[in-house]
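Observations on chain architecture
As a plain string of letters, each chain reads:
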Amino acid sequence: QVQLVESGGGLVQPGGSLRLSCAASGIIFSTYDMGWYRQAPGKQRELVADIASGGNTNYAESVQGRFTISRDNAKNTVYLQMNNLKPEDTAVYYCNAVSHYSKRYDYWGQGTQVTVSS
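A few points on the structure.

For the chain, the helix and strand inventory stands at zero helices and 11 strands. Listed N to C, the secondary structure of the chain is β-β-β-β-β-β-β-β-β-β-β in terms of helices and strands. In summary, the chain has a C-alpha radius of gyration of 14 Å against a globular reference of 13 Å for 118 residues, a match within 12%. Overall size of the chain, expressed as C-alpha extent along the three principal axes, is 40 × 25 × 25 Å. Considering only intrachain contacts with a sequence separation of at least 6, the fraction spanning at least 24 residues in the chain is 55%. Of the accessible surface of the chain, which amounts to about 6300 Å², a share of 45% is contributed by carbon and sulfur atoms.

In structure tokens form, the structure reads like this:
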């Protein structure tokens, strides 16, 4: 059974930092492209950042320079370091895993709330 378990969300003041973690089980983690998405109330889910199995990264323009995605294949975990947070970063953040070799193997975590407010 595949599980993606996010952690690290919470309430933070503008300008603050958070680090999200997503621990994966039930997959060969090193062969999966991993991503972080977010969904704010009343808005569509959007890609925040992703990291390919080979390590290439991609960021949404809105978070470029503030967020960093990384992965630890030994721990089956992907991270999202979020710095200089803004109120518009408030959303539920979801972890996504897609097999590098077959897009039909596509899994989601349950989400973790990030709230940026003073």
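Let us now look at the sheet that holds strand 3 (residues 18-25). One open sheet holds the four strands; their spatial order is 1-3-8-7, and the pairing between them is antiparallel. Strands with a single pairing partner mark the edges of an open sheet, and in this sheet they are strand 1 (3-7) and strand 7 (67-72). Put simply, the sheet's adjacent strands are angled 15° from each other on average, direction ignored.

The full count for this structure, using the stated rule, is four salt bridges. A salt bridge links D89 to R38; the nearest nitrogen and oxygen atoms lie 2.9 Å apart. Pair noted here: D89 is in the loop between strand 8 (77-82) and strand 9 (91-99) and R38 is in strand 4 (residues 32-39), with a separation of 51 residues, a long-range link. Judged by its relative accessible area of 0%, D89 falls in the buried class. The class of R38 is buried, set by a relative accessible area of 6%. Salt-bridge contacts for R66 lead to D89; the nearest nitrogen and oxygen are separated by 2.8 Å. With a gap of 23 residues between them, R66 in the loop between strand 6 (57-59) and strand 7 and D89 in the loop between strand 8 and strand 9 connect regions that are remote in the sequence. Via salt bridges that share partners, R38, E46, R66 and D89 belong to a single interconnected network.

Here we take up the environment of A40. Among the secondary structure elements, A40 is positioned in the loop between strand 4 and strand 5 (46-51). Distance in space between the C-alpha atoms of A40 and D89 is 8.3 Å, their sequence separation being 49 residues. If sequence neighbours within four positions are ignored, A40 has contacts with T90 and A91.

Each value, and the rule that gives it
Residues numbered from 1 in each chain as written. Predicted model: local features only at pLDDT ≥ 70, side-chain atom pairs only at ≥ 80, totals over all residues. Heavy atoms only, no water. Helix = DSSP H or I, 4+ residues; strand = E, 2+ residues; numbered from the N terminus. Rg over C-alpha atoms; globule rule 2.2 N^0.38 Å. Contact = heavy atoms within 4.5 Å. Areas by Shrake-Rupley, 256 points an atom, 1.4 Å probe, with all protein chains shown as cover. Pairing = 2+ DSSP bridges. Axes fitted to C-alpha atoms, helices over the stretch in contact; angles between N-to-C directions. Salt bridge = Lys/Arg side-chain N within 4 Å of Asp/Glu carboxyl O. Buried < 20%, exposed > 50% of the residue type's maximum accessible area, 1.4 Å probe, protein only.

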